[in-house]
Amino acid sequence: MAKNLKVGGVTPFSATDYPGKLAAVVFVQGCPWRCGYCHNPHLQPRTVDGAIAWDDVLALLRRRTGLVDAVVFSGGEACMDPALASAMQDVRAMGFGVGLHTACIYPQRLRQVLPLVDWIGFDIKAAFTQYRAITGIANSGDPARACLDAILACGVAYECRTTIHPALLPDEALLALATTLAGKGVEHYVLQQFRADGCADAGLAASVTPGYPAAATLAQIGAMFPRFTFRNGGH
């Protein structure tokens, strides 16, 4: 039931979390991965009751009717919560579009909610065989691959994105990953430069390299996709 959704926070207005739409963002608690560059580490644990009751979120959203176009479920990892589909149905019933941010951790639950989603922003963190170096979890590239395939197969509007840091993804790794994604049929790809805000890993925050990625690398990657964006300051 939607009332059981463990909400960690709400942003009443955002112009950046759903491309082309004004949105409210609901942050769902919980994530099993421990990516060093995570800028929402406070949302990784799940508390008994959540920080905000779902009824209170709905009351806020009613006040946003006519002011925002959509509600984006983010995290943490929103697909971790079994109440996500029910919450999305509540939002749709209010007339809002539905967006989802996901790190591609739970393929089965993602497939369940995809019919309720109008747009999805999803992370592909590295080559699927190299995921453990990012997430700290063995074999975490397997669900990511399955989620990618499900998203591309369903036809939903999407943004595929990768957060980049020279210590984790040197230029040659970026090129290899982009080649793999283009080969799978990804048409909209975004590289997001690591940002130190909220990052609990002091080593990553201190080791940013000027000139990364190289302009030539970005040009090569951009040529692989019909739509490509480089964000200098990402998630």
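K.L.:
Give a detailed account of the packing of aromatic side chains, specifying residues and quantitative values.
P.N.:
Going through the model one piece at a time under the given rule, you end up with 7 aromatic pairs. For the ring pair Trp 33 and Tyr 131, a centre distance of 5.8 Å and an interplane angle of 70 degrees mean the geometry is edge-to-face. Note that Trp 33 is positioned in the loop between β2 (23-28) and α1 (54-64) and Tyr 131 in the loop between β5 (119-123) and α4 (132-135), a separation of 98 residues in sequence. Residue class for Trp 33 comes out buried when judged on its relative accessible area of 4%. Put simply, the rings of Trp 33, Phe 128 and Tyr 131 touch in pairs and so form one group of aromatic residues.

K.L.:
Any chance you could break down the pairing of strand β7 (residues 188-193) for me, citing the residues and the numbers?
P.N.:
Of all 6 residues that make up β7, 6 are buried, and the element is covered over most of its length. Burial along β7 is two-sided: His 188, Val 190 and Gln 192 facing one way and Tyr 189, Leu 191 and Gln 193 facing the other are all buried. Of the strand pairs in this sheet, strand β6 (residues 157-164) and β7 are connected by 5 bridges, and their pairing is parallel. Of the residues in β7, the one forming a bridge with Ile 164 is Gln 193. The parallel pair β6 and β7, bridged by helix α6 (residues 171-184), forms a crossover whose chirality is right-handed. Pairing of β7 with strand β8 (residues 227-231), which is carried by 5 bridges, proceeds in the parallel orientation. When the bridges of β8 are listed, Tyr 189 appears paired with Phe 228.

K.L.:
Explain the pattern of salt bridges residue by residue, including any values.
P.N.:
This structure, assessed with the given rule, holds 7 salt bridges. Between Asp 81 and Arg 46 there is a salt bridge whose closest N-O contact spans 3.2 Å. Placement of Asp 81 in the loop between β3 (70-75) and α2 (84-93) and of Arg 46 in the loop between β2 and α1 is noted, with a sequence separation of 35 residues between them. Take Arg 46: its relative accessible area is 31%, and that puts it in the partly exposed class. A salt bridge links Asp 118 to Arg 92; the shortest N-O distance between them is 2.9 Å. One end of the pair, Asp 118, is in the loop between α3 (107-113) and β5; the other, Arg 92, is in helix α2, and 26 residues separate them in sequence. Residue Asp 118 is classed as partly exposed on the basis of its relative accessible area of 30%. The class for Arg 92 is partly exposed, based on a relative accessible area of 33%. Connected through salt bridges with shared partners, the residues Asp 123, Glu 159, Arg 161 and Arg 231 form a single ionic network.

K.L.:
Give me the state of the cysteines: which residues, what numbers.
P.N.:
Tallying each qualifying case throughout the model produces 0 disulfides. Cys 35 carries a free sulfur, and the closest cysteine sulfur to it, the one in Cys 31, is 6.4 Å from it. Free of any disulfide, Cys 38 has its nearest cysteine sulfur in Cys 31, 6.7 Å distant. Given a relative accessible area of 22%, Cys 38 falls into the partly exposed group.

Reading the values: the criteria
- Along each chain, residue indices are assigned from 1 in the same order as the chain's sequence is written.
- Side-chain atom pairs in this predicted model are given and counted only at pLDDT of 80 or more, local residue features only at pLDDT of at least 70, and totals for whole chains, interfaces and linings cover all residues.
- As a convention, hydrogens and water are excluded, and side-chain values are obtained from all of the structure's heavy atoms.
- Put simply, two rings from Phe, Tyr or Trp (the six-membered ring, in Trp's case) pair if the centres are within 6.5 Å, and we call them stacked under 30 degrees between planes, edge-to-face over 60, tilted for the rest.
- Numbering of helices and strands runs from the N terminus; a helix is a DSSP stretch of H or I covering at least four residues, while a strand is a stretch of E covering at least two.
- In this scheme, a residue with accessible area under 20% of its type's maximum is buried, one over 50% is exposed, and one in between is partly exposed, where area comes from a 1.4 Å probe on protein chains only.
- Strands are treated as partners if at least two bridges between them are detected by DSSP.
- If you view a crossover with the strands going away from you and the path from the first strand over the helix to the second runs clockwise, you call it right-handed.
- Salt bridge, as used here: a side-chain nitrogen of Lys or Arg that lies within 4 Å of a carboxyl oxygen of Asp or Glu.
- By definition, disulfides here are pairs of cysteine sulfur atoms that lie within 2.5 Å.

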